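# Report on the structure
The lines below spell out each chain.
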Amino acid sequence: MQQVFRKPVSLKDIQTHFCPGCHHGTFHRLVAEAMDEFGVQGRTIGVASVGCSVFLYGYFDIDVVEAPHGRAPAVATGVKRARPDSFVFTYQGDGDLAAIGTAEIIHAANRGEDITVVFVNNTTYGMTGGQMAPTTLVGQKTSTSPYGRNAGKDGSPIRMAELLAQLEGVAFSARVAVNTPRNLMDAKKQIKKAFRYQVEGKGFSFIEALSSCPTNWGMDPLAANERVGTEMCGYFPLGVFKNTAAI
Amino acid sequence: MTKRLFMKGNEALAMAAIEAGCRYYFGYPITPQSDIPEYMSRELPRLGGEFVQAESEVASINMLLGASATGARAMTSSSSPGISLKQEGISYMAGAELPGVIVNICRSGPGLGGIDASQADYFQAVKGGGHGGYHIIVLAPSSVQEMYDLTMLAFDLSDQYRIPAMVFGDSVVGQMKESFVPHPRPARELPPKEWVVRGRQHGEQRVVKSLYLGDGELEAHNWKLHARYGELKEKESRWESFLVEDAELVVAAFGSAARIAKSAVMAARERGLRVGLLRPITLFPFPEQAFRAVTARCKKVLDVELNAGQMVEDVRLSVTCGTEVFFYGRPPGAGSLPTPEELLGQIEKYY
Ligand SMILES: Cc1ncc(C[n+]2csc(CCOP(=O)(O)OP(=O)(O)O)c2C)c(N)n1
């Protein structure tokens with residue numbers, strides 16, 4: 001019998017703690033596949049952030065440093081500067097990266113640090129119970145925007161992939177989703193591109209991954225998945241916003 | 001290297017860091033310590049190291065955390081308001097048992113305060129500073145020579161005990177020029193860094209973290225850290241004692257305040273007063289045993305600080321029963337540095 005599908009070696013054979021229908025697990029898998037493809041598992045140092053993805057080291061079979069909330073790009077800078085031969089990526093949520101950690105992401109990107117950032121955007125603070133995030137859509141109800149996000153008072157959702165693409169230091173920036181098989185295949189492709197930039201020493205690469213959060217959105221997994229394609233993709237268009245080396 | 005150099009304290013400190021093998025520096029400008037990043041930005045690239053001017057103190061302490069996690073010798077420096085911003089990262093480093101050197105060339109506060117010499121960050125430095133109940137090693141130089149010596153020591157102690165170490169100076173020791181003798185790093189056997197992240201290909205997975213959620217795990221981790229603080233107290237307490245053997249009154253002071261106090265002690269001796277000086281060099285671990293020993297005989301201590309009274313609490317906890325502890329301090333600000341004559345007046349008052 002020919003084996004045509006297998007678990008990536010960079011991923012441990014362990015059940016994740018993510019809620020049913022959450023896309024974190026799928027992104028973990030895509031990241032692990034990219035790691036396998038480039039054979040970088042052995043020299044990878046992952047930087048875990050705070051939020052639902054903090055247990056990175058429980059699922060990836062790689063060395064990991066844990067960063068304080070929002071600071072993963074700074075920690076990754078220190079790791080990469082001290083060990084330029086390692087493959088360094090951060091994995092951060094939207095509360096982490098687009099709120100408390102905005103300074104760190106913008107400046108690490110602007111310095112063109114040779115790292116890869118995987119940014120999982122589920123329009124809410126998942127782990128702390130579904131509060132309003134900088135990416136929460138206008139009108140979206142959360143536990144701290146019970147009347148819906150109000151652009152006049154709360155500002156409008158931040159489009160990080162576009163924002164970072166403006167910076168000279170950024171080599172690659174793209175937004176992906178895994179809500180349909182087609183989007184998933186494309187996400188896989190873009191994540192590999194992002195990884196290739198670092199493997200080839202071409203600079204800072206950024207992947208924004210649109211994710212569902214059925215529990216905090218108060219939806220069943222199918223409806224939540226649906227929302228990614230309709231509401232989220234409407235405001236956060238999928239695509240490549242920068243691809244300096246045209247990889 | 002036996003030649004004498006004439007340099008600023010901040011520069012001697014930076015020079016010592018490089019001599020100690022520090023190749024990675026992360027910082028953000030603030031007076032009165034900017035000579036340190038300036039020196040590092042000039043020297044590190046020539047040595048194959050890295051200088052990063054971070055976007056903030058928050059970022060720079062986390063860059064230090066990342067570099068330290070790989071086993072590199074690395075440093076950050078700042079002054080009071082910047083050190084406040086670093087506290088979260090220092091707490092994470094303490095929790096993750098990461099070494100690393102943090103320099104605080106303390107200025108006056110609270111808030112923006114001023115840029116004068118101050119010792120008002122004593123509590124912040126020795127009582128944890130950040131959240132969670134931890135300690136870091138705190139070394140207090142009082143001369144340019146000690147800015148050099150103690151910085152070098154900070155790297156070794158930090159690596160040996162896997163605890164962040166702070167060099168706690170102020171504008172006086174940072175900005176003054178004095179002659180000193182640089183020297184190579186003294187030999188000290190250090191444990192291999194078996195915990196560093198270096199990629200899975202070199203063996204088992206390694207994780208540098210401070211999150212412990214399992215039943216009893218975090219408590220056990222904290223007890224382990226606290227045992228190490230105890231070991232530090234026993235083995236690494238350092239102090240200077242000056243004319244304490246026959247003293248009727250002992251002045252306690254650290255850092256630049258101790259220099260002024262020393263002049264006052266010598267002036268008092270000239271007047272026939274039997275006065276000595278006990279100067280803690282490690283503020284954590286606090287040299288409790290030195291205070292206990294001195295006050296077994298001498299029952300009067302005058303604690304002098306460039307603040308409204310902070311170390312005096314540790315002095316009170318360390319002296320033997322029946323000792324009277326007096327305090328004289330000047331909260332910092334332009335013109336509030338006490339003169340030796342002023343301190344002599346205080347010595348005479350309590351003698
Ligand atoms: C300094 C600090 N502030 C707040 C928190 C609490 N906190 C933990 S996770 C989190 C939100 C994470 O949300 P996000 O980054 O969107 O990730 P998700 O859980 O949705 O995957 C917050 C606010 C913290 N750990 N540290």
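On a predicted model such as this, the values are computed, not experimentally measured, just so you know.

### Digging into the site of the ligand
Within the structure, the ligand sits among 17 residues, and Cys52, Gly95, Asp96, Gly126 and Met127 of chain A are positioned closest to it. Of the chains in the model, those with residues near the ligand are chains A and B. Note that an oxygen atom of the ligand is positioned 3.0 Å from one of the side-chain N or O atoms of Asn122 of chain A. Expressed as a share of its isolated accessible area of 600 Å², the protein-covered part of the ligand is 77%. Sorting the residues of the shell around the ligand by element identifies helix H4 (94–100) and strand E5 (124–125) of chain A as the ones contributing at least two each. Class assignment for the residues of the shell around the ligand results in five nonpolar, nine polar and three charged.

### Digging into the pairing of strand E2 (residues 24–27) of chain B
Residues and elements named next belong to chain B. Every second residue of E2 is oriented toward a common face, with Tyr24 and Phe26 on one face and Tyr25 and Gly27 on the other, all of them buried. Bridging between E2 and strand E3 (residues 50–53) involves four bridges; their strand directions are parallel. Residue Phe26 lies in a different strand from E3, and its bridge partner there is Val52. Tracing the backbone out of E2, into helix H2 (residues 35–43) and back to the parallel element E3 gives a crossover that is right-handed. Inspection of the sheet shows E2 paired to strand E4 (residues 74–78) by two bridges, in the parallel sense. Within E4, the position partnered with Tyr24 by the bridge is Ala74.

### As for unusual backbone geometry
Between Thr31 of chain B and Pro32 of chain B the backbone carries a cis peptide bond, its omega angle lying at 5°. Along the chain, the position of Pro32 of chain B falls in the loop between E2 and H2. One non-glycine residue, Thr123 of chain A, adopts positive backbone phi at about 55°. Note on placement: Thr123 of chain A falls in the loop between strand E4 (116–121) and E5. Given the relative accessible area of 0%, Thr123 of chain A is considered buried. Unlike most non-glycine residues, Arg162 of chain B shows phi in positive territory, near 55°. Structurally, the position occupied by Arg162 of chain B is in the loop between helix H6 (144–161) and strand E7 (165–170).

### Considering the packing of helix H3 (residues 72–82) of chain A against helix H3 (residues 57–69) of chain B
Closest axis-to-axis distance for the H3 of chain A/H3 of chain B pair is 6 Å, and the angle between their directions is 45°. In this view, H3 of chain A runs oblique relative to H3 of chain B, as classed from their interaxial angle. Considering only the axes of H3 of chain A and H3 of chain B, their crossing is right-handed. Contact with H3 of chain A, carried on its side by Ala74, Val75, Thr77, Gly78, Val79 and Ala82 of chain A, involves Ala59, Asn62, Met63, Leu65, Gly66 and Ala67 of chain B of H3 of chain B and no other residues of that element. Taken together, the residues of the contact of H3 of chain A with H3 of chain B sort by class into eight nonpolar, four polar and no charged.

### Description of the domain arrangement of chain B
Residue and element names in this part refer to chain B. Segmentation of chain B into domains returns domain 1 (5–197 + 223–235) and domain 2 (239–350). One C-alpha centre belongs to domain 1, the other to domain 2, and the line joining them spans 26 Å. Listed as interface residues are 32 residues of domain 1 and, on the opposing side, 26 residues of domain 2. Here domain 1 packs against domain 2, burying approximately 2500 Å² in sum over the two surfaces, 56% of which is carbon and sulfur.

### Focus: the sheet that holds strand E12 (residues 275–280) of chain B
Residue and element names in this part refer to chain B. With mixed pairing, five strands are arranged side by side in an open sheet as E10-E12-E11-E14-E15. In the strand order of this sheet, the two ends are held by strand E10 (239–242) and strand E15 (324–329), each with one partner. Sheet twist, expressed as the average angle between the axes of neighbouring strands with direction ignored, equals 20°. By the bridge criterion, three bridges tie strand E11 (residues 249–252) to strand E14 (residues 300–305) in an arrangement that is parallel. If you follow Val251 over to E14, its bridge partner there is Leu302. The strands touched by helix H9 (residues 255–270) are E10, E11, E12 and E14; relative to E12, the strand with the most contacts, the crossing angle is about 165°.

### Here we look at the environment of Ser237 of chain B
All names here are of chain B. With respect to the secondary-structure elements, Ser237 resides in the loop between helix H8 (217–236) and E10. Here the alpha-carbon distance between Ser237 and Glu11, two residues 226 residues apart in the chain, equals 26 Å. Apart from residues lying up to four places away in sequence, Ser237 is in contact with Leu232, Thr282, Pro285, Phe286, Pro287 and Gln289.

Rules used throughout
The numbers attached to residues start from 1 for each chain and follow its sequence in the written order. In the order they appear in the text, chains get letters beginning with A and ligands get numbers beginning with 1. Only residues with pLDDT of 70 or above have their local features reported here, since the model is predicted, and side-chain atom pairs are shown and tallied only from 80 upward, although totals for entire chains, interfaces and linings are computed over all residues. Only hydrogens and water are set aside when side-chain values are computed; all heavy atoms of the structure are taken into account. Consider each residue's heavy atoms; a residue with any of them within 4 Å of a molecule or strand counts as near. Under the rule applied, a polar contact is a pair of N or O atoms within 3.5 Å (in protein, one hydrogen donor and one hydrogen acceptor; residues adjacent in sequence only if both atoms are side-chain atoms). Each accessible area value is a Shrake-Rupley result obtained with a 1.4 Å probe; residue values ignore everything except the protein chains displayed when judging cover. Numbering of helices and strands runs from the N terminus, with a helix taken as a DSSP run of H or I at least four residues long and a strand as a DSSP run of E at least two residues long. Following the grouping adopted for this structure description, the nonpolar residues are Ala, Val, Leu, Ile, Met, Phe, Trp, Tyr, Cys and Pro, the charged ones are Asp, Glu, Lys and Arg, and the polar ones are all others, Gly among them. Only protein chains enter the area calculation, which uses a 1.4 Å probe; residues under 20% of their type maximum are buried, those over 50% are exposed, and those in between are partly exposed. Two strands qualify as a pair provided DSSP detects at least 2 bridges between them. When the strands point away from the viewer and the connection leading from the first strand across the helix to the second strand turns clockwise, the crossover is called right-handed. Throughout, an axis means a line fitted to C-alpha atoms (over the contacting stretch in the case of helices), and angles, computed between N-to-C directions, take values from 0 to 180 degrees. By definition in this entry, angles of less than 35 degrees are roughly parallel, angles greater than 145 are roughly antiparallel, angles of 65 to 115 are roughly perpendicular, and the rest are oblique. Two helices crossing with the near one rotated counterclockwise from the far one by less than a right angle form a left-handed crossing, whereas a clockwise rotation gives a right-handed crossing. The contact definition used throughout considers only heavy atoms, calling two residues in contact when any of these lie within 4.5 Å. Residue ranges labeled as domains rest on an automatic or database domain assignment. Accessible area that two parts lose when put together, with a 1.4 Å probe and added across both, is what the buried area reports.

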